[in-house]
Every structure is written in structure tokens, then in C-alpha cells.
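# Architecture at a glance
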Amino acid sequence: MGKCIIIAPLYAGEHREYLRPEAGDLLICADGGYDAAVKHGFKPDLVIGDFDSMPFEHVQDCECIRLPVHKDDTDMVVCLEEGRRRGYTVFRVAGCLGGRLDHTISNLQCLYDCALRGENVWMCDGQNMVSVLLPGRHEFPRKEGYKFSLLAYTPKVDGLTLHGTEWELTDATLTNRYPLGVSNEIIAGRAELTFAEGALLALYCKDMSFVTK
């Protein structure tokens, strides 16, 4: 099975090739993400939302799940659940970072939930790509113009070894009280890391001067 792509209202056209649907993929739009997706040349398969950021009448030729305004789940939570219900375990989510800080943090919480479910999920905007990692071995390719950061999501991350970066680590401990792993750089073809305990935020981030669409 392919991947589930979710486009949220803040999407501004970045990472078009990275997000472009292929055979077997599913493209879900979260509420006003529909307008953003259509504007940038995507053809949504499904729209989910309470339509507080876009009139419902904008949706054309597309399956739609209309949610009540008063609900416990965010539109993003429901989009992820619907992708799971249809069998997807790989997600690429765009347009969900920045804007309101509470929405950004809630989406990072969704990333942690996805990791605990064993799913492969990255969220991105024009400057950032972020995922949550659980213990094990992970590899990351070098991306031109991007810093590479590892930040503890849980109170403590133990046994972290990192190679292929400007600042390497061996059997280190990171905590969510001190940002030791911020603004590193991958200097080899790829970075390799292992850790034994906790959950890590892995981020590719670039300054505005490097942003291109």
C-alpha cells in the first residue's frame, strides 16, 4: 500500500514533488486544506472537516466527511484515523505547522501518538520537516540548506549515539529541559543514530533565506 497525504489549511505549495500522489496513495484534505491543495494543483480524494476555515460549498467532485463544530477530536486527528481505517501506516502531512501555536503543539502530539502506533509520519511546512522517533536505529539523508536537530520529546532519552553529523554523540542522554541537540548539521551522506529509551523529535529546519518552493 502507498502513503496517505494530508494537506491542512496552511499549505502554501512547498514540497510538491515530495507530496505528489502516486498509484496507491490517498490524498486527504483537512478542512480549508482543500482550497490550498486545489490552488497548488492537487486533486483531493477526500475532504474532512467542520468547515470553519472554508465554506462547505467549495468542495467539488470529491468525497467529503463533514464533522460537527463541537467535538473533542481535531480535524487532523480525524484525518489520521480515517487514513488508518483505510489501511495506511505511512503519512505525509503538510500545512499543519506554524500559525496558531496550540494547533502546532497538538499536531506534534499527534506525531507522538503515530509513533506509538508504529506508523511512519512526517509533518512539513516551507521551512521544517518533523517526525517523532522511538528507540532503535534510524538513518537520515543530508538535505542541502537544512539544519538537523534531535530534541527529547519525553522527559529523558537515553543511550543516544549519533554519527555523520558535525556534533556527534556517544551513549548520550537528552532531556526535555535542555535543547542540547538543536542546530546540528549532517556532514556525511547520511546521519545514523540509535537510542535505547524515550522518544525523540527529529527535525530538518532551514532559515527563511533558504526557503524556495
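Just so it is clear, the model here is predicted, and its values are computed rather than measured. (Residues numbered from 1 in each chain as written. Predicted model: local features only at pLDDT ≥ 70, side-chain atom pairs only at ≥ 80, totals over all residues. Heavy atoms only, no water.)

### Comments concerning the sheet that holds strand 12 (residues 190-195)
- If you trace the four strands from one edge of the open sheet to the other, you get 8-12-10-11, paired in antiparallel fashion. Looking at strand neighbours, the two that pair on one side only are strand 8 (136-141) and strand 11 (169-175), the edges of this open sheet. Averaged over all adjacent pairs, the angle separating strand axes in this sheet is 30°, with direction ignored.
- Looking at chain direction, strand 8 and strand 12 are connected through six bridges and run antiparallel. Its bridge partner lying in strand 12, Glu-139 is registered against Glu-192. (Pairing = 2+ DSSP bridges. Helix = DSSP H or I, 4+ residues; strand = E, 2+ residues; numbered from the N terminus. Axes fitted to C-alpha atoms, helices over the stretch in contact; angles between N-to-C directions.)

### Focus on the side chain of His-15
- Tracing the chain through its elements places His-15 in the loop between strand 1 (4-7) and helix 1 (16-19).
- Apart from residues lying up to four places away in sequence, His-15 is in contact with Cys-124, Asp-125, Met-129 and Tyr-146. (Contact = heavy atoms within 4.5 Å.)

### Quick look at the packing of helix 3 (residues 75-85) against helix 4 (residues 101-116)
- Two elements in contact, helix 3 and helix 4, have axes separated by 10 Å at closest approach and are oriented at 25°. With respect to each other, helix 3 and helix 4 are oriented roughly parallel. Note on packing geometry: the crossing formed by helix 3 with helix 4 is right-handed. Along the contact surface, helix 3 presents Met-76, Val-77, Leu-80 and Arg-84, while helix 4 presents Asn-107, Cys-110, Asp-113 and Cys-114.
- Residues belonging to the contact of helix 3 with helix 4 are distributed by class as follows: five nonpolar, one polar and two charged. (Parallel < 35°, antiparallel > 145°, perpendicular 65-115°, else oblique. Left-handed = near helix turned anticlockwise from the far one by under 90°. Nonpolar A, V, L, I, M, F, W, Y, C, P; charged D, E, K, R; others polar.)

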